[in-house]
Amino acid sequence: MNQSPLRTAAIPVTDPSAGLRLTEIFYSLQGEALTSGLPTIFVRLTGCPLRCVYCDTEYAFTGGERQSLDAIIATIKTYPCKRICLTGGEPLAQPNAIELIQRLLGDGYEISLETAGALSVKDVPAAVSKVMDLKTPSSGEADKNLWSNLDHLTQHDQIKFVIMNRTDYDWAKTTLIEHQLDKRVGTVWFSPMFTVADDIDDAVSPEVPVLARELAEWMLTDALPVRFQLQLHKIIWADAKGK
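Everything in this summary refers to the structure shown in the same document. Keep in mind the model is a prediction, meaning the values are calculated, not measured. (Residues numbered from 1 in each chain as written. Predicted model: local features only at pLDDT ≥ 70, side-chain atom pairs only at ≥ 80, totals over all residues. Heavy atoms only, no water.)

### A few points about the packing of aromatic side chains
Reasoning step 1: Going through the model one piece at a time under the given rule, you end up with seven aromatic pairs.
Reasoning step 2: Ring geometry for tyrosine 169 against phenylalanine 190: centres 5.9 Å apart, planes inclined by 90 degrees, an arrangement best described as edge-to-face. A residue pair is termed long-range when its members are at least 10 positions apart, and tyrosine 169 in helix 3 (residues 166-178) and phenylalanine 190 in strand 8 (residues 187-192) qualify at 21 residues.
Reasoning step 3: Its guanidinium or amino end placed over the ring of phenylalanine 61, arginine 51 lies 3.7 Å from that ring's centre, counting from NZ or CZ.
Reasoning step 4: Lying across the ring of tyrosine 109, lysine 82 places its NZ or CZ 3.8 Å from the centre. (Phe/Tyr/Trp six-rings, centres within 6.5 Å; stacked < 30°, edge-to-face > 60°. Helix = DSSP H or I, 4+ residues; strand = E, 2+ residues; numbered from the N terminus. Lys NZ or Arg CZ within 6 Å of the ring centre and 35° of its normal.)

### Let's talk about the side chain of serine 191
Reasoning step 1: Relative to the helices and strands, serine 191 is located in strand 8.
Reasoning step 2: Given a relative accessible area of 2%, serine 191 falls into the buried group.
Reasoning step 3: There is a polar contact of 3.4 Å between the side chain of serine 191 and the backbone oxygen of glutamine 229. (Buried < 20%, exposed > 50% of the residue type's maximum accessible area, 1.4 Å probe, protein only. Polar contact = N/O pair within 3.5 Å; in protein donor to acceptor, adjacent residues only side chain to side chain.)

### Let's talk about the pattern of salt bridges
Reasoning step 1: All chains considered together, the criterion is met by 15 salt bridges.
Reasoning step 2: Put simply, aspartate 151 and arginine 184 hold a salt bridge, and the shortest N to O gap is 3.7 Å. Residue aspartate 151 is located in the loop between strand 6 (129-133) and strand 7 (158-163), and its partner arginine 184 is located in helix 4 (residues 181-184); the two are separated by 33 residues in the primary sequence.
Reasoning step 3: Judged by its relative accessible area of 59%, aspartate 151 is exposed. (Salt bridge = Lys/Arg side-chain N within 4 Å of Asp/Glu carboxyl O.)

Shown next as structure tokens:
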């Protein structure tokens, strides 16, 4: 079987009985996108074909533990919640993620999928809210954007740009307009990149990254049809694993 150059070769991709390589399952508040602030079960799969310069989950690139789908679902059912965020790493690097999604939908779970946008989303069930990145130039991975994915998005889905500087903002604004992204999906997000320890400006707030104020001002000036977001979990828990 031919392997995509973006596949993580160490992770089997064909046998559902092989389950999934899993980094962690945890219960927390959703920190991003439309369900921000809501209790959510996070299922973080292992492996990612990208290496964005700002990645805050590098611990999920390798390692993890292979578990059967039955074992993963059994763990999920121990939490008092019917809302799931499937994340990574890159969940779609393991095709068995689709089988897991289908089974969880059958059990009545509401699911969002966080994906980097480099692998095809065409097989993701329509009931799932896809939260798909479009990688900006400063990420170092903009050449990996799979533009055909735009044809598989609906008003149930979301697109996210992580902005590191004015160059990224201008690129995101141009991309938004050229592809009419606000017409393709329900919400387009502009999110400032920040690391909790380094990007705090006491003149703004002890909890707000410097770039956030600049991004907010740019968005107001241009009156873009997008929504601003901060990563709520970083503000509450910094970059604590399992939060």
